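# Reading the structure
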Amino acid sequence: MPKEARPSTKEARPSTGEQAKQHALAQLRQAILRGETAPAQRLVENELAEQFGVTRASIRAALIDLEAQGLVERIRNRGSRVRVVTVEEAVAITECRMVLEGLCAAKAAVVADDEQLTELADLGAAMEKAVADGEPVTYSDLNHRLHDRIREMSGQRTAVELLERLNAQLVRHRFQLALRPGRPQQSLTEHLAMIEAIRARAPQAAEAAVRAHLTSVIDALSD
C-alpha cells in the first residue's frame, strides 16, 4: 500500500482531548474486566500513555473516571492501581444486586416478548450443555450473558446503569466462583428457576428466584 494511503494514527486515534480520554478509558476498563490486569497491579501513567498512543493527561483523566467506577484506587504519592475488592465488599455489592436484579427480573417477566423468552430458554439450554461438558469458563460467560439479557429485557435503565457499575467490581470473584468444584451445577439449577419464572410471566416468582440465587452466591463468597 502506498504510504499516503495509510490512515494516520493521529487521525484514527487522537492523542489528546476527550476522544483520547474515552479511548484510554474503554481500553483500561476492558483490561480490568477481562482480568488482564490483576488486583493491586500498578497502573503507570507514562507506560499506559505509550501503550494507547495518548497523552499522560488523557490517561490521568481516564484513571479518575475508573476510580469513580470503583475499579481503580489512587494512592497518595504512589499513583494508581487496580482496586482490590475484599470478600466483605463483594458480599455487600451482591446484597445490592439482589434488590436491583430482582426488580429487573420482575419487570422482564411482565414486558418480555415471546422472542425474548425463547432466547432465555436457549441460554438455559446452552448453560446446561456447558455444565454437562465440564466447561466452567463457557458456563461463566453464559451466566454473565443471561444476567445481562434479563436486565436489558426489563427496560429498567436506571437499575441497569447501577448494576453495570456494581458488577464491574465483582469480575475476579465471579470468575473464581465459576471455577470452584460443584459450583456451576448448583448455580445452574438456580438460573433455570429464574428463566422458568420469567417465561411463566410470574414477576414475584422471578424476583424470588433471583434473590435465592444471589443468596447462594453470598453463601459461596463467604465460604
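Residues numbered from 1 in each chain as written. Predicted model: local features only at pLDDT ≥ 70, side-chain atom pairs only at ≥ 80, totals over all residues. Heavy atoms only, no water.

### Observations regarding the packing of helix 6 (residues 114-132) against helix 7 (residues 136-154)
One can describe the packing of helix 6 onto helix 7 by two numbers: an axis separation of 9 Å at closest approach and a directional angle of 165°. When the axes of helix 6 and helix 7 are compared, the pair comes out roughly antiparallel. Like other packed secondary-structure pairs, helix 6 and helix 7 cross with a definite hand, here left-handed. Between helix 6, through Gln116, Glu119, Leu120, Leu123, Ala126, Met127, Ala130 and Val131, and helix 7, the contact on the second element is made entirely by Thr138, Tyr139, Leu142, Asn143, Arg145, Leu146, Arg149, Ile150 and Met153. Broken down by class, the residue content of the contact of helix 6 with helix 7 amounts to 11 nonpolar, 3 polar and 3 charged. (Axes fitted to C-alpha atoms, helices over the stretch in contact; angles between N-to-C directions. Helix = DSSP H or I, 4+ residues; strand = E, 2+ residues; numbered from the N terminus. Parallel < 35°, antiparallel > 145°, perpendicular 65-115°, else oblique. Left-handed = near helix turned anticlockwise from the far one by under 90°. Contact = heavy atoms within 4.5 Å. Nonpolar A, V, L, I, M, F, W, Y, C, P; charged D, E, K, R; others polar.)

### A closer look at the sheet that holds strand 2 (residues 72-75)
The strand order across the open sheet built from 3 strands is 1-3-2, with neighbouring strands paired in antiparallel fashion. A strand with exactly one partner marks an edge of an open sheet, and here the two such strands are strand 1 (42-43) and strand 2. The sheet contact formed by strand 2 and strand 3 (residues 79-82) spans 4 bridges and is antiparallel. Bridging across to strand 3, isoleucine 75 finds its partner in glycine 79. (Pairing = 2+ DSSP bridges.)

### Thoughts on the layout of surface pockets
Over the atoms, a rolling probe the size of a water molecule traces out where space has been left empty. Roughly 420 Å³ of volume is contained in the largest pocket. Lining the largest pocket we find 26 residues, and of these Ile32, Leu33, Gly35, Val171 and Arg172 sit closest to its centre. Where the lining of the largest pocket is concerned, the elements lending two or more residues are helix 2 (17-33), helix 7 and helix 9 (171-178). Looking at the lining of the largest pocket element by element, the count peaks at 6 residues for helix 9. Among the residues making up the lining of the largest pocket, the classes are represented as 13 nonpolar, 8 polar and 5 charged. In this structure, the second largest pocket spans a volume of roughly 220 Å³. In terms of lining residues, the second largest pocket is bounded by Arg29, Leu33, His144, Asp148, Arg151, Glu152, Val160, Leu163, Glu164, Asn167, Ala168 and Val171. Taken together, the elements giving at least two residues each to the lining of the second largest pocket come down to helix 2, helix 7 and helix 8 (157-168). Of all the elements, helix 8 adds the most residues to the lining of the second largest pocket, at 5 residues. In terms of residue class, the lining of the second largest pocket is made up of 5 nonpolar, 2 polar and 5 charged. (1 Å grid on protein atoms, 1.4 Å probe; cavity = no way out; pocket = protein on both sides within 12 Å on 5 of 7 lines; lining within 4 Å. Points joined across faces, edges and corners; volume = space filled by probe spheres on them.)

### Examining the side chain of glutamine 169
Mapped onto the elements of the fold, glutamine 169 is located in the loop between helix 8 and helix 9. Using a relative accessible area of 14% as the deciding quantity, one classes glutamine 169 as buried. Within the structure, the side chain of glutamine 169 is placed 2.6 Å from the side chain of arginine 83, a separation counted as a polar contact. (Buried < 20%, exposed > 50% of the residue type's maximum accessible area, 1.4 Å probe, protein only. Polar contact = N/O pair within 3.5 Å; in protein donor to acceptor, adjacent residues only side chain to side chain.)

### Brief notes about the confidence of the model for the protein
Chain-level pLDDT for the protein is 87 on average; 93% of the residues reach the 70-or-more range. Confidence scores differ between elements of the protein, with helix 1 (residues 9-12) showing the lowest mean pLDDT of 43 and helix 6 the highest of 97. (pLDDT = per-residue confidence, 0-100.)

### A look at the nonpolar core
Counting residues in hydrophobic clusters, the biggest one holds 40 residues, and the most contacted among them are Leu120, Leu146, Ile150 and Ile198. Elements supplying a minimum of two residues to this core: helix 5 (87-111), helix 6, helix 7, helix 8, helix 10 (183-199) and helix 11 (203-222). Looking at which element gives the most residues to this core, the answer is helix 5, with 9 residues. Leu25, Ile32, Val54 and Leu71 belong to the second-largest nonpolar core, a separate cluster that totals 18 residues. (Core = buried A, V, L, I, M, F, W, Y, C linked by side-chain atoms within 4.5 Å.)

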